[in-house]
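Each chain is listed here by its residues.
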Amino acid sequence: MNVKEHDDWLTNDTAAAIVIREPLLSVEGADGVIFPATYAAAEDKNVFPGGYNIDPPHGEKNVCLVDSVGSQANRIEPLFAKTDYADLVPQIVITAGDKSVNLLEAGHRAGDAIVRCTSLQKCLQDAFYNVLKGDATELAKVSPTSLVFGVWDSRDTQAKLPRLLASTIRAFDVVRLTRSAQFNPAADYIGLGLLEDTTDKKTKDEYAKRGFIHVPAAGAPGGVIAKGGIRRDVTLSLAALRLISAGDDINQSLMLRRYVLGLALVALTAPAQTYLRQGCNLVPDVNQPKCMTLVRADGNRDPITISHHDATEYAKVAASEFGVGSSQSVSFDTELAKKDIAGESNVKPTRKRPGKAESK
């Protein structure tokens, strides 16, 4: 494997991105019912009343969000904890109570409270400060996937790195369905005199919650049928990748970019999870193979092929050249968390009031 083979993408402005478009099908078939993600209502329910995210909300021509960019990142990133890929990145494991959490599973990555409140707090703070100064080397040594999937140290330094890899699944021209159900208790507890009959609403509600009386449920979200198809779009932004550097060191910057590119290519080419949630099991449409395109900065598009095997081999060589950071096991420190909450920790001097957290 020649680690220099993609250097053009990393050193000049001719390539904008690699894009994958992959048609998907429900396991039931093209007319199968799928269940997209549901979301809480907006503060102003006139803006979004909650439920499926369908734009526009009325009419036959629409786009339905099946799995968001944050959710897709959550599904992809833990790949790097698996045996075949674990040597590509440092494995940072945090013990919190009786639970162990790999940093690859943390919602805000290197900016997450689970790792900020450990002995790595100062190390990460310095790494984020260096990012602000134009050197991402230190962050790549601790949490390189933060460079691939994006990170925002919103509780401290405000350092923010964009997602290089963004994957989203959408369905087109969907027909919204509803569903109804009826729960019947195993026995007529009130009729048999086993429970007291009552007109008290609170008591009747408790009977319903505990499964002692009939409970009808009507008009709940019942999934959608995608008449215009379902598609996974994945974009690896090479233009954003070229913004990552190791300060003024050109050679070190190139090795850093090769390392991050290798990780991004592994994530880009890895087989996608097919099971998203109950009622949403999606597989590739074998009659419409996915296409991978190198999008040039001048707008030209060239079909390319990068196998997952080749991506992994490139990543291994690039990781060896750059030098993967050390794996560590650290413990969540409750006292650091208390100081963090009280604004008394090492992050206090740069603390701003927490804003709305960026989704993973």
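Residues numbered from 1 in each chain as written. Predicted model: local features only at pLDDT ≥ 70, side-chain atom pairs only at ≥ 80, totals over all residues. Heavy atoms only, no water.

A. Seen up close, the side chain of Asp 285. With respect to the secondary-structure elements, Asp 285 resides in the loop between strand S16 (280-284) and strand S17 (291-296). Of the side chains with opposite charge, Arg 231 comes closest to the buried, unpaired Asp 285, at an N-O distance of 12 Å. From its side chain, Asp 285 meets the backbone nitrogen of Asn 287 in a polar contact 3.0 Å long. Look past the residues within four positions of Asp 285 in its chain and what remains in contact with it is Pro 23, Leu 24 and Leu 25. (Helix = DSSP H or I, 4+ residues; strand = E, 2+ residues; numbered from the N terminus. Buried < 20%, exposed > 50% of the residue type's maximum accessible area, 1.4 Å probe, protein only. Lys, Arg positive; Asp, Glu negative; His and termini not counted. Salt bridge = Lys/Arg side-chain N within 4 Å of Asp/Glu carboxyl O. Polar contact = N/O pair within 3.5 Å; in protein donor to acceptor, adjacent residues only side chain to side chain. Contact = heavy atoms within 4.5 Å.)

B. Expanded view of the sheet that holds strand S12 (residues 174-183). With antiparallel pairing, 3 strands are arranged side by side in an open sheet as S2-S13-S12. The sheet is open, and its two borders are formed by strand S2 (33-34) and S12, each paired with just one other strand. (Pairing = 2+ DSSP bridges.)

C. Summary view of the sheet that holds strand S8 (residues 99-102). The 3 strands are arranged S8-S7-S19 in an open sheet whose pairing can be described as mixed. Whereas interior strands pair on both sides, the edge strands pair on one side only; in this sheet they are S8 and strand S19 (328-331). The mean angle between the axes of side-by-side strands here comes to 25 degrees, regardless of whether they run parallel or antiparallel. Pairing analysis gives 4 bridges linking strand S7 (residues 92-96) to S19, with the strands arranged parallel. (Axes fitted to C-alpha atoms, helices over the stretch in contact; angles between N-to-C directions.)

D. Region of the structure containing the nonpolar core. Among the nonpolar cores identified, the biggest contains 68 residues, and Ile 18, Phe 80, Leu 139 and Leu 236 are the most heavily contacted of them. Counting residues per element, this core draws most heavily on helix H9 (residues 250-269), at 11 residues. (Core = buried A, V, L, I, M, F, W, Y, C linked by side-chain atoms within 4.5 Å.)

E. Region of the structure containing the packing of aromatic side chains. All chains considered together, the criterion is met by 2 aromatic pairs. Relative to Phe 212, the ring of Tyr 189 has its centre 5.1 Å away and its plane inclined at 90 degrees; by these criteria the two rings are edge-to-face. Of this pair, Tyr 189 sits in the loop between S12 and helix H7 (201-209) while Phe 212 sits in the loop between H7 and strand S13 (215-226), and the two are 23 residues apart along the sequence. Among the residues examined, Phe 212 registers a relative accessible area of 30% and is labelled partly exposed. Residues Tyr 259 and Phe 322 carry aromatic rings whose centres are separated by 4.8 Å and whose planes lie at 15 degrees to one another, so their mutual orientation is stacked. With Tyr 259 in helix H9 and Phe 322 in helix H10 (residues 308-322), the pair connects residues that are 63 residues apart, well separated along the chain. Its end group placed over the ring of Phe 322, Lys 141 keeps NZ or CZ at 4.3 Å from the ring centre. The aromatic ring of Trp 152 is capped on one face by Lys 160, whose charged end is 4.4 Å from the ring centroid. (Phe/Tyr/Trp six-rings, centres within 6.5 Å; stacked < 30°, edge-to-face > 60°. Lys NZ or Arg CZ within 6 Å of the ring centre and 35° of its normal.)

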